[in-house]
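Descriptive structure summary
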Amino acid sequence: MQYLSFSISITIISWIIGMILHALIKSKPYYTDLSNLNFIESKRLNKAIGLGVFKWIVKNTFFKYFNQKIKLERRIQVDELYELRKEMSISDISHLLGFAVVTVFALVKFIYGNYSFGLVMMAVNIVLNLYPSLLQQENKRRIDKLIRIYS
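Residues numbered from 1 in each chain as written. Predicted model: local features only at pLDDT ≥ 70, side-chain atom pairs only at ≥ 80, totals over all residues. Heavy atoms only, no water.

Check the secondary structure of the chain and you find six helices and zero strands. Counting helices and strands in the order they occur from the N terminus, the chain gives α-α-α-α-α-α. For 151 residues, the compact-globule formula gives about 15 Å, and the C-alpha radius of gyration of the chain, at 16 Å, lands near that figure. The C-alpha extent of the chain, read off along each of the three principal axes, is 55 × 35 × 30 Å. The long-range fraction of contacts in the chain, counting pairs at least 24 apart against all pairs at least 6 apart in sequence, stands at 79%. Total accessible area computed for the chain in this model is approximately 9,800 Å², and 65% of it derives from carbon and sulfur atoms. (Helix = DSSP H or I, 4+ residues; strand = E, 2+ residues; numbered from the N terminus. Rg over C-alpha atoms; globule rule 2.2 N^0.38 Å. Contact = heavy atoms within 4.5 Å. Areas by Shrake-Rupley, 256 points an atom, 1.4 Å probe, with all protein chains shown as cover.)

This is the structure:
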């Protein structure tokens, strides 16, 4: 239980670290490449890893209140789609950076022989950082299609 609570805590802290790191890199030349990352483009693979279930959880639990900037509630204009995509990129990259930070902690635990702690930390990290990033990547692909249709 202690491993789980620490893992959740460090992963939530990694969200803040991810946002800070994002602010530091958003003006770098490689930022555009980061904002267009697509780890898993296959809808079938996304479904196989449970991204649809994760999406349902985000939409139907308290997680839906976390980032109100990436929410659609009405018909939207093309310029608003660009803004929405920008906010999704911020979320995606921040979660990826947070994922990297927690992965370092988990690897250190693993290297020092605390395998259980490292595995629990990575499991929590995958659910709270990697899956949100993958979801944002999927949503950005959908937004890109809308932008192409409306442009």
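And the narrative resumes.
Here the focus is the packing of helix α1 (residues 2–25) against helix α6 (residues 115–150). The contact between α1 and α6 brings their axes to 9 Å, and the two run at 45 degrees. Our classification of the angle between α1 and α6 gives oblique. Here the hand of the crossing between α1 and α6 comes out right-handed. Taken together, the residues of α6 that come into contact with α1 (itself represented by Tyr3, Leu4, Phe6, Ser7, Ile8, Ile10, Thr11, Ser14 and Trp15) are Ser116, Phe117, Val120, Met121, Val124, Asn125, Leu128 and Asn129. Across the contact of α1 with α6, the residue classes tally to 11 nonpolar, six polar and no charged. (Axes fitted to C-alpha atoms, helices over the stretch in contact; angles between N-to-C directions. Parallel < 35°, antiparallel > 145°, perpendicular 65-115°, else oblique. Left-handed = near helix turned anticlockwise from the far one by under 90°. Nonpolar A, V, L, I, M, F, W, Y, C, P; charged D, E, K, R; others polar.)

A grouping of Lys43, Lys59, Arg142, Lys145 and Arg148 is seen on the molecular surface, where their side chains present a positively charged patch. Looking at the positive patch element by element, the count peaks at three residues for α6. Secondary-structure assignment places Lys145 in helix α6. (Patch = residues over 30% accessible without salt bridge, like charges linked within 9 Å, V, L, I, M, F, W, Y side chains within 5 Å. Salt bridge = Lys/Arg side-chain N within 4 Å of Asp/Glu carboxyl O. Lys, Arg positive; Asp, Glu negative; His and termini not counted. Charge placed at Lys NZ, Arg CZ, Asp CG, Glu CD.)

It is worth spelling out the environment of Trp15 at this point. Examined against the element boundaries, Trp15 turns out to sit in helix α1. Residue Trp15 is classed as buried on the basis of its relative accessible area, which comes to 19%. Taking the C-alpha atoms as reference points, Trp15 and Ser94, 79 residues apart in sequence, are found 6.7 Å from one another. The residues contacting Trp15, other than those within four sequence positions of it, are Phe66, His95, Leu128 and Asn129. (Buried < 20%, exposed > 50% of the residue type's maximum accessible area, 1.4 Å probe, protein only.)

Distances and angles like these do not, on their own, reveal function.
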